[in-house]
There are 4 protein chains.
Amino acid sequence: MSALSFSKISASLNALLATIGLATVAALTTPDITGQTRSALEIVLACVWAAYVLQLVETLIMQRKRDIHGRTLEIAVDVLSVLVPLAAFFFVRGRDQSLYCAIWLLKPLRGSTFFRLLGRVLTKEARNLIGVTSIFVIVLFGAALAAYVIERDVQPDKFGSIPLAMWWAVVTLSTTGYGDEIPQSFAGRVLAGLVMMSGIGIFALWAGILATGFYEEVRRQDFVRNWQLVAAVPLFQKLGSGALIEIVRALRPRVVPAGGIICRKGEAGDQMFFIVEGRVSVATPNPVELGSGSFFGEMALITGAPRSATVSATTEVSLLSLYSSDFQMLSSSSPEIADVIRRTALERRGTPPKS
Amino acid sequence: MSALSFSKISASLNALLATIGLATVAALTTPDITGQTRSALEIVLACVWAAYVLQLVETLIMQRKRDIHGRTLEIAVDVLSVLVPLAAFFFVRGRDQSLYCAIWLLKPLRGSTFFRLLGRVLTKEARNLIGVTSIFVIVLFGAALAAYVIERDVQPDKFGSIPLAMWWAVVTLSTTGYGDEIPQSFAGRVLAGLVMMSGIGIFALWAGILATGFYEEVRRQDFVRNWQLVAAVPLFQKLGSGALIEIVRALRPRVVPAGGIICRKGEAGDQMFFIVEGRVSVATPNPVELGSGSFFGEMALITGAPRSATVSATTEVSLLSLYSSDFQMLSSSSPEIADVIRRTALERRGTPPKS
Amino acid sequence: MSALSFSKISASLNALLATIGLATVAALTTPDITGQTRSALEIVLACVWAAYVLQLVETLIMQRKRDIHGRTLEIAVDVLSVLVPLAAFFFVRGRDQSLYCAIWLLKPLRGSTFFRLLGRVLTKEARNLIGVTSIFVIVLFGAALAAYVIERDVQPDKFGSIPLAMWWAVVTLSTTGYGDEIPQSFAGRVLAGLVMMSGIGIFALWAGILATGFYEEVRRQDFVRNWQLVAAVPLFQKLGSGALIEIVRALRPRVVPAGGIICRKGEAGDQMFFIVEGRVSVATPNPVELGSGSFFGEMALITGAPRSATVSATTEVSLLSLYSSDFQMLSSSSPEIADVIRRTALERRGTPPKS
Amino acid sequence: MSALSFSKISASLNALLATIGLATVAALTTPDITGQTRSALEIVLACVWAAYVLQLVETLIMQRKRDIHGRTLEIAVDVLSVLVPLAAFFFVRGRDQSLYCAIWLLKPLRGSTFFRLLGRVLTKEARNLIGVTSIFVIVLFGAALAAYVIERDVQPDKFGSIPLAMWWAVVTLSTTGYGDEIPQSFAGRVLAGLVMMSGIGIFALWAGILATGFYEEVRRQDFVRNWQLVAAVPLFQKLGSGALIEIVRALRPRVVPAGGIICRKGEAGDQMFFIVEGRVSVATPNPVELGSGSFFGEMALITGAPRSATVSATTEVSLLSLYSSDFQMLSSSSPEIADVIRRTALERRGTPPKS
């Protein structure tokens, strides 16, 4: 857990450091920054660099200690972030020195789960994305050729060769439309209209493929993660796989940090909670602690009464919430689960809750 | 029900008031509005403000009476909508006074179900959206850096520093293309083409993630809502959960206000109706009232005959429609339901319909 | 069938007539068209109008004869298409007379299934689309207000009032970027960047909602249509609803006009066909006719041999194709169907095919 | 297999040749290329053409030898790619001669699986795409008409006829925004804002339809392909169709070329592999070969231990991977499969693995 939370801090810190560093690089290129301001900014850069040296050292130590495989990418990023600016400092003269700190753009790629997800989607959809890109290129060349043929006599300075016309084509096909090159002839304008529509179509294809890829991958990830959490709750282990799939889709995972309030006494409740990992404390007259495998908050679902006690997290807890409406669904498809929950609820009404 | 309809009116009224108020604010900033017109517009603003004071009072009274929790956001919006313009009236001098009424932009957020849905989607997809946004920022900085290096000697006034180049980059990456800064060198134009394509790609990623998030959330909401409605119809309560899921997907919810016509005598019918809540009146020679749990319009599905009577809503009714084609599907997967419907239809042919 | 094919012709004819009519209207507004050309074009308009009068008459006759309900919209469009140009001819003087023929833009809405689908999607997603549109308006006003405050002193002619700034905001938020109004201050440019990103985000929301709506509606329509077709094939009627759902998803509907070739002798085949409606002729030495409920082309799936005979449509036929890969799937999930198909195939090898 | 890999090489080679050829065509149109450079480029074109002649010859020979049907499109592309430049060489004079090589843009369509997928999606969604395109045209004409009426007196040179106004409309509706024609009146700007919003909406519709079409088609293709692979693994053949569908969704196909390393000794493993086709070699002290139908890497899933041996592909192998998390899912839904895997794993611990 502490390693996880450390890596979370380090991700935010990384983003912050990279932002500061790159903003400084950008500021250093503006002509009105001179003298002392300049030196101050250079010190900021040096500090960020120093922080990255520390991070590299820490990564290498952890690497040795824990014998973790498959972190080659992270180490490569860390090493480059330190070495490239250092090399620039020694071998490059003048203002451009600081530009090499742009290598820090790579830092956010390190340890981000999103980039891994994106990588998987892009790999899976590679064939289709290459296909659309090749359509883009074919339409681009075709449009440039046609514009060259149509407009070369009207505007020889702007459409006088295919490369020139290609600049117009890419500006138009991407619907950017700088307006520096505009067809003047009727045929040229009809062509432009078709190119714009193709641009929108290609864009739509791209969006469609990426949406498809993301949906498939995200759905799979969510299902797998929830399945693992659900499998850890004893109550669910007797169920058939059909019912389990229903439950996995109904439950929503939630993580509460240590000390966080999960529900407050007197509030209206629309969900109950299953503890996957960690411990919570129920602030009844005789405070009770519940551990992994327990559930609480079920009275809100059965009687609709407001919360009878405040529940807070003793340690970081991983919970699964079951909403009132999903509980009704669950009750009709798996009466045995609903039974266990109802029986526990009745017992607890008399005695303080036990898991 | 009346509270619900009141809140509906109040939502439309809110939108209208906010539109009038903000249009007035906009009009007041145009230089050709002076003297009497000006005063008239200021009176309009005052009226809108007064209406908001009334709304605040009403919200506070309802709050106290009904002891409703979790409306903190609404009350905050209502209080700010009244206090900010008031404070501006006393402490700000000159034309800018009325600008503070822009706080009324927050009003539509109050009580809108869409914003709650959007909030859930954004929360759920936060990690992915942050990921795409960070790609956007990385590409933006990288493009600005490259454009600065490539074009700084060609157009020092437009690409002379990274911040200047970043303006070009954001205008290009978002495919806006103002046309005030355009790369002139060959390398610069190739870069621009790549930036445009990245822009389209990032846009597509964004669209893909949001489409995924919306689809998941909307499907879940619809399913849960329909499940609750279906569970209230006695006819469906004997069914297994597999059949229930099929029915939940086949039925389409519909709300008809009191007095509304549901179907007209002599029309061709392609759907039958289940009453979830409320009452309808069937205009047969001896008019009949049907209550929640009843169904009607089934003859259209069984015999294909036109509607034999006009049915109108006595109170606001919540209905579930079953289309002809879905009925055929249902008949083969759950013959028992089809049976009950057919038997009731036969009985009704002789005697006036009963629930 | 003939009414259907007539309506198909009429749809294409409608589109053609509307295109001719509107192109003529456009041509009549160009200044270089005068004298005889002008008169010729006006005659074209008159012809289109006459065609629409005929269509109106035909619609009214059919309406009376068949006593069809629910075509009010079509009749309204037909009546308006005739009356509006007529009224313009009598009451409007000068060049603008022909502009009123723009009412013909409504013609394609008449009888198009896509517009009905679109209508359903928009109705279903209305709440979400209104929500996104209201975000668009809120961001628009907020951006205009901010741009007005930031840029009014720098460029009073372009950002001197909120309505002026709103023009900039809408051009930027939609990523159109005409380039006539561009913020010059640093704060204004940061604002512009944020507005562009919001624009992309809103666009993505819109796309996400419409994609969701379309997917749901199209999937439902396809399923319902295929289900009805599958239910008409005797072979499938003994199956349980689980197996039926699998088959409905595996089969692909296809319509072949009378006289069309369905498969050619000697070709490699990757699909077999079920006849839903209509008749086909198998060109074996003793030609055979197969009617609805029969299937053919199954040898290609079982033995992989090329087609043994050319099959053509005697009447318009509605078919369901089953691809080779789907057949393997079907074989393992519903062995009984595969059995029937295999047995029929063996019988046919000896004797000419019977259904 | 070798035919497949040959066609893969030929696809990459085709793309390369087309790129070189078309880049040369583009270069030949720039005015600063003269004399020797020009001749050199023309020789490059001739070489590409010669390569295409060879390819045509090879295609024709293969066609004759193997008696393959349904490659008409490929042959047509190959013939045109050779004949059109040849005809241009003989019948066209001057610089435009080389432009006819643009026919090579068709080459990538030849044998690409993506274009076939795209074709199927476009065919399936044709009706909806035509519908959206007709909305595009209707809005385009309507916007042009309105802009003409509103702006013709203000800017007669830019909005003086409907065709002129239509140029503005298409530039705005596609959100390209060149900025050469901008409405100046208040009404014109409101119209422009509405046109931009419609543009975004139409774009979103397009994206939604294509996303839907792609998702349906890709999901179907994946399912069918995986189903065929799974059906080839003996272990899975005893399962019911429900369990099979679950497995088909859980397994991920992967192809490893001959000599490729599948997993390395000592690495942490999160997946096991089923061999569909081909052979792998397990580098245990007594190296073992496994053939199609075998599985390996299962210890990583059962005990979580690192890989005990490096496995490499002897021939090109087609594998199905099962991830750790999916294995847990599979274990609960199909205990019999998990059992077989566990028993085999135990046996192998003592003796070297056998299939």
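All figures in this text were calculated on a predicted structure; none of them were measured in a lab.

Moving on, we get to the overall build of chain A. Along its length, chain A carries 12 helices and eight strands. By residue count, 51% of the 355 residues in chain A fall in the buried class. Partitioning the contacts of chain A with sequence separation of at least 6, the portion at a separation of at least 24 is 68%.

Charged atoms that come close allow side chains of opposite charge to pair. A full pass over the atoms with the stated rule returns 19 salt bridges over all chains. Counted as one network, the salt bridges with shared partners bring together Arg189 of chain A together with Asp180 and Glu181 of chain D.

Residue and element names in this part refer to chain A. Running from amino to carboxyl end, helix 5 (residues 126–151) crosses helix 7 (residues 162–173) at an angle of 125°, the nearest separation of the two axes being 8 Å. Taken as axis vectors, helix 5 and helix 7 run oblique relative to one another. Note on packing geometry: the crossing formed by helix 5 with helix 7 is right-handed. Residues Phe136, Val139, Leu140, Phe141, Ala143, Ala144, Leu145, Ala147 and Tyr148 of helix 5 lie in contact with helix 7, whose contacting residues are Ile162, Ala165, Met166, Trp168, Ala169, Val170 and Leu173.

With that settled, consider the interface of chain D and chain A. Taken together, the contacts link 50 residues of chain D with 52 residues of chain A. Taking both sides of the interface into account, the surface hidden between chain D and chain A amounts to around 4,300 Å²; carbon and sulfur atoms contribute 70%. Where chain D touches chain A, the interface holds three salt bridges. For Arg189 of chain A, the salt bridge is made with Asp180 of chain D, and the minimal N-O distance between the two is 4.0 Å. The interface formed by chain D and chain A includes four residue pairs in polar contact (both at pLDDT 80 or more). Looking at the side of chain D that touches chain A, the elements that each hand over two or more residues are helix 1 (2–28), helix 4 (113–124), helix 5 (126–151), helix 7 (162–173), helix 8 (186–231) and helix 11 (324–333) of chain D. Of the residues contributing to the side of chain D that touches chain A, the split by class is 29 nonpolar, 14 polar and seven charged.

Turning next to the interface of chain A and chain B. Each partner contributes residues to the interface: chain A has 50 residues there, and chain B has 52 residues. Between chain A and chain B, a total of about 4,400 Å² is buried, with carbon and sulfur atoms accounting for 70% of that surface. The interface formed by chain A and chain B holds two salt bridges in total. One can count four residue pairs in polar contact (both at pLDDT 80 or more) joining chain A with chain B. The set of elements that each furnish at least two residues to the side of chain A that touches chain B consists of helix 1 (2–28), helix 4 (113–124), helix 5, helix 7, helix 8 (186–231) and helix 11 (324–333) of chain A. The greatest single-element share of the side of chain A that touches chain B, amounting to 10 residues, is contributed by helix 8 of chain A.

So, on to the pairing of strand 8 (residues 317–323) of chain B. Residue and element names in this part refer to chain B. Of all seven residues that make up strand 8, six are buried, and the element is covered over most of its length. In this structure, strand 1 (residues 252–256) lies alongside strand 8, joined through five bridges in antiparallel fashion. Looking across to strand 8, one finds that Val256 is bridged to Val317.

Turning to the sheet that holds strand 1 (residues 252–256) of chain C, a few remarks are in order. Residue and element names in this part refer to chain C. Taken in spatial order, the four strands of this open sheet run 1-8-3-6, and their pairing is antiparallel. Each end of this open sheet is capped by a strand with a single partner; those strands are strand 1 and strand 6 (295–296). Sheet topology places strand 3 (residues 271–277) next to strand 6; two bridges connect them, and they run antiparallel. Its bridge partner lying in strand 6, Phe273 is registered against Phe296.

Aligned on chain A, chain D shows an RMSD of 0.1 Å; the corresponding rotation is 90° and the shift along the axis is 0.0 Å. Here the two chains are linked by the operation of a four-fold rotation axis. An overlap of only 16% is found between the interface residues of chain D and their copies at the interface of chain A, pointing to separate contact surfaces.

What follows covers the packing of helix 4 of chain A against helix 5 (residues 126–151) of chain B. Packing of helix 4 of chain A against helix 5 of chain B brings their axes to within 9 Å, and their N-to-C directions diverge by 85°. The orientation of helix 4 of chain A relative to helix 5 of chain B falls into the category roughly perpendicular. Contact residues: Thr113, Phe114, Phe115, Leu117 and Leu118 of chain A in helix 4 of chain A; Arg127, Asn128, Gly131, Val132, Ser134, Ile135 and Ile138 of chain B in helix 5 of chain B. Tallied by class, residues from the contact of helix 4 of chain A with helix 5 of chain B come to seven nonpolar, four polar and one charged.

Further remarks concern the relation of the copies chain A and chain B. Once turned by 90° and shifted 0.0 Å along the axis, chain A lies on chain B with an RMSD of 0.1 Å. The share of interface residues of chain A whose copies in chain B are also at the interface is only 16%, consistent with the copies meeting through different surfaces.

Per the stated rule, a full pass over the model turns up 36 aromatic pairs over all chains. Aromatic side chains Phe114 of chain B and Phe115 of chain B sit 5.8 Å apart centroid to centroid with 70° between the ring planes, which places their arrangement in the edge-to-face category. As far as burial versus exposure is concerned, Phe114 of chain B and Phe115 of chain B are alike and both buried. The rings of Phe203 of chain A, Phe203 of chain B, Phe203 of chain C together with Phe203 of chain D are connected pair by pair, giving a single aromatic cluster. Across from the ring centre of Tyr148 of chain A, 4.8 Å away, lies the NZ or CZ of Arg152 of chain A, which sits over that ring.

Here we come to helix 7 of chain A. Residue and element names in this part refer to chain A. With 12 residues, helix 7 should cover 16 Å at 1.5 Å per step; its first-to-last C-alpha distance of 15 Å lies within 8% of that length. If you check which residues of helix 7 are buried, you get Ile162, Ala165, Trp167, Trp168, Ala169, Val170, Val171, Thr172 and Leu173. A positive phi of about 55° marks Thr175, the residue just after helix 7.

Here the focus is the environment of Val79 of chain D. Take Val79 of chain D: it is sitting in helix 3 (residues 72–91). Through-space distance from the C-alpha of Val79 of chain D to that of Gln55 of chain D is 9.7 Å; in sequence the pair is 24 residues apart.

This next bit is on the UniProt feature "transmembrane region" (unreviewed entry) in chain A. Residue and element names in this part refer to chain A. Residues annotated in UniProt with the feature "transmembrane region" (unreviewed entry) correspond here to residues 43–61, 73–91, 129–150, 162–179 and 191–215. Here residues 129–150 runs as 100% helix and 0% strand, with 31 Å between its end C-alpha atoms. Taken end to end, residues 191–215 is 100% helix and 0% strand, and its two terminal C-alpha atoms sit 36 Å from one another.

Moving on, we get to a nonpolar patch on the surface. Together, Leu83, Leu86, Phe89, Phe90 and Phe91 of chain A make up an exposed nonpolar region whose accessible area comes to about 570 Å². Position of Phe90 of chain A among the secondary structure elements: in helix 3 (residues 72–91).

Residue and element names in this part refer to chain B. Judged by pairing direction, the sheet is antiparallel, and its four strands sit side by side in the order 2-7-4-5 without closing on themselves. Each edge of the sheet is formed by a strand with only one pairing partner; in this case those strands are strand 2 (261–263) and strand 5 (288–290). Adjacent strand axes in the sheet meet at a mean angle of 30° when their direction is disregarded. Looking at chain direction, strand 2 and strand 7 (residues 311–313) are connected through two bridges and run antiparallel. Looking across to strand 7, one finds that Cys263 is bridged to Val311.

Rules behind the numbers
- Residues numbered from 1 in each chain as written.
- Chains lettered and ligands numbered in written order.
- Predicted model: local features only at pLDDT ≥ 70, side-chain atom pairs only at ≥ 80, totals over all residues.
- Heavy atoms only, no water.
- Helix = DSSP H or I, 4+ residues; strand = E, 2+ residues; numbered from the N terminus.
- Buried < 20%, exposed > 50% of the residue type's maximum accessible area, 1.4 Å probe, protein only.
- Contact = heavy atoms within 4.5 Å.
- Salt bridge = Lys/Arg side-chain N within 4 Å of Asp/Glu carboxyl O.
- Axes fitted to C-alpha atoms, helices over the stretch in contact; angles between N-to-C directions.
- Parallel < 35°, antiparallel > 145°, perpendicular 65-115°, else oblique.
- Left-handed = near helix turned anticlockwise from the far one by under 90°.
- Buried area = accessible area lost by both parts, 1.4 Å probe.
- Polar contact = N/O pair within 3.5 Å; in protein donor to acceptor, adjacent residues only side chain to side chain.
- Nonpolar A, V, L, I, M, F, W, Y, C, P; charged D, E, K, R; others polar.
- Pairing = 2+ DSSP bridges.
- Least-squares fit on C-alpha atoms with pLDDT ≥ 70 in both.
- Phe/Tyr/Trp six-rings, centres within 6.5 Å; stacked < 30°, edge-to-face > 60°.
- Lys NZ or Arg CZ within 6 Å of the ring centre and 35° of its normal.
- Expected span 1.5 Å × (residues − 1).
- UniProt positions renumbered as here; feature names shortened; annotations may be inferred.
- Patch = residues over 30% accessible without salt bridge, like charges linked within 9 Å, V, L, I, M, F, W, Y side chains within 5 Å.
- Areas by Shrake-Rupley, 256 points an atom, 1.4 Å probe, with all protein chains shown as cover.

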